[in-house]
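# Observations on the three-dimensional arrangement
Each chain is listed here by its residues.
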Amino acid sequence: MTPSKEWYRRTMKRALCSLGLVGFSLGSASLAQARDVAVTTTAELNAAISAAQPGDVIILGNGTYASTGASCSAVGTQAAPIVVRAATPLGAKIEFNALEGFKVSGAYWTFDGLDIQGVCPVDDDCEHAFHVFGAADHFTLINSRVRDFNAQLKVNIGTVNGNIVAPNAGFIGYNELSDTRPRNTGNPVTKLNIDGGDDWIVRGNYLHDGTKAGGNQTSYLAFMKSGGKRGVMERNLAICAKDDQTSATRIGLSLGGGGTGGQFCPP
């Protein structure tokens, strides 16, 4: 059964309360202005994302969506975020054959209940399921399963109107993030690669089996670094080698490990 708008209002309110966004409102006035956009094909999904407006709730019907990536550049607001969610939790599977899946540069985007998998024939070609950069503040990923990318989430600085900025106040909660096999790449392998930005929260996630088979064979399940402040990791379950027993160096959760070149840090 498709969740009702009232169910969704309550669910989002609980998630946002956990972030301390006490001023956030999903009352009847804001809901009346929002659009529910139902999609059942990849073309419809891409069109809905391209035409997104503050307050839109893009609802994916059950099924598989084969995608080469989508740019999420529209800007939501605290009172009217842009939401991309599955009608049935994990019922919508997005298969990305793309260097980057969702490229998020706008603020207040939420992704909820999606099943996302990288299917590139060459692992170097599936870098990021989500690339969150620049002014993409208040990005949220919840209740989702994301597999088989070098980085399920990549966060880093960007240039906006000639100024270097980093996305702040993201929330990653209650997701499963893993790989089904070792990554055959010399590129960085980190399931949550939060490379700059303040006030990120990583809470209640299940992270496992992120192995780098190439290069230095050193991988991370999650890290925060590059000058970000006030980051929080809490109540996550990190199992470096649950199903994959390949010999390699795996690091679970890291704050600052590995360092960052100065040119990649916010001012």
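These notes cover the structure that comes with them.

Right, let's talk about the sheet that holds strand S11 (residues 140–142) for a bit. Consider a sheet: its strands pair through backbone hydrogen bonds, and that pairing is either parallel or antiparallel. Read across the open sheet, the eight strands follow the order S1-S2-S5-S8-S11-S16-S19-S22; overall the sheet is parallel. Each edge of the open sheet is held by one strand with a lone partner, namely strand S1 (36–39) and strand S22 (232–234). Across the sheet, the axes of successive neighbouring strands diverge by a mean angle of 10°, strand direction being ignored. In this sheet, strand S19 (residues 201–203) lies alongside strand S16 (residues 171–173) in parallel orientation, the contact comprising three bridges. Looking at the pairing, Ile172 lines up with Val202 of S19.

The next point concerns the environment of Gly210. Inspection of the secondary structure assignment puts Gly210 in the loop between strand S20 (206–208) and strand S21 (218–225). Along the primary structure Gly210 and Ala241 are separated by 31 residues, whereas in three dimensions their C-alpha atoms are 7.7 Å apart. With residues near it in sequence (within four places) discarded, Gly210 still touches Asp179, Lys191, Ser219, Leu221, Cys240 and Arg250.

For the rest of this paragraph, the subject is the environment of Leu114. Relative to the helices and strands, Leu114 resides in the loop between strand S8 (109–112) and strand S9 (115–118). We classify Leu114 as buried; its relative accessible area is 0%. Leu114 sits 30 residues away from Val84 along the chain, and the two C-alpha atoms are 8.5 Å apart. Apart from residues no more than four positions distant in its own chain, Leu114 is found in contact with Leu60, Val84, Arg85, Ala86, Leu90, Ala92, Ile94, Asn143, Ser144 and Arg145.

This part takes up the layout of surface pockets. By volume, the largest pocket is sized at about 280 Å³. Considering the residues around the largest pocket, the lining is formed by 18 residues, among which Pro188, Val189, Thr190, Asn193 and Phe223 are closest to the centre. Secondary-structure elements contributing two or more residues to the lining of the largest pocket are strand S13 (151–156), strand S18 (190–195) and S21. Top contributing element to the lining of the largest pocket by residue count: S21, with four residues. Per-class residue counts for the lining of the largest pocket are five nonpolar, eight polar and five charged.

Next up on the list: the pattern of salt bridges. For the coordinates displayed, the defined rule picks out 15 salt bridges. Asp179 is the salt-bridge partner of Lys191, the closest N and O atoms lying 2.7 Å from each other. You can see Lys191 sitting in strand S18 and its partner Asp179 sitting in the loop between strand S17 (176–178) and S18, a full 12 residues away along the chain. No difference in accessibility class separates Lys191 from Asp179, as the two residues are buried. One salt bridge in this structure joins Asp198 and Arg230, with 4.0 Å as the shortest N-O distance. Pair noted here: Asp198 is in the loop between S18 and S19 and Arg230 is in the loop between S21 and S22, with a separation of 32 residues, a long-range link. For Arg230, a relative accessible area of 54% translates into the label exposed.

Analysis parameters
- Sequence order as written defines residue numbering, which begins from 1 separately in each chain.
- The model is predicted, so local features are restricted to residues of pLDDT at least 70 and side-chain atom pairs to those at 80 or more, both for listing and for counting; the totals for chains, interfaces and linings are taken over all residues.
- Only hydrogens and water are removed before side-chain values are computed, so all heavy atoms of the structure are retained for them.
- The criterion for strand pairing is that DSSP finds at least two bridges linking the strands in question.
- Secondary structure elements follow DSSP: runs of H or I no shorter than four residues count as helices, runs of E no shorter than two count as strands, and numbering proceeds from the N terminus.
- What counts as an axis is a line fitted to C-alpha atoms, over the stretch in contact for a helix, and the angles between N-to-C directions run from 0 to 180 degrees.
- Any pair of residues with heavy atoms lying within 4.5 Å of one another is described as a contacting pair.
- When accessible area is computed with a 1.4 Å probe and restricted to protein chains, residues below 20% of their type maximum are described as buried, those above 50% as exposed, and intermediate ones as partly exposed.
- Cavities and pockets are found on a 1 Å grid laid over the protein atoms alone: a cavity is a set of points where a 1.4 Å probe fits but cannot escape, a pocket is an open set with protein on both sides within 12 Å along at least five of seven lines, and a lining residue has an atom within 4 Å of such a point.
- Grid points are joined across faces, edges and corners, and a volume is the space filled by probe spheres set on the points.
- Three classes are used: nonpolar for Ala, Val, Leu, Ile, Met, Phe, Trp, Tyr, Cys and Pro, charged for Asp, Glu, Lys and Arg, and polar for all others, with Gly counted as polar.
- Take a side-chain nitrogen of Lys or Arg and a carboxyl oxygen of Asp or Glu: if they are within 4 Å of each other, that pair is a salt bridge.

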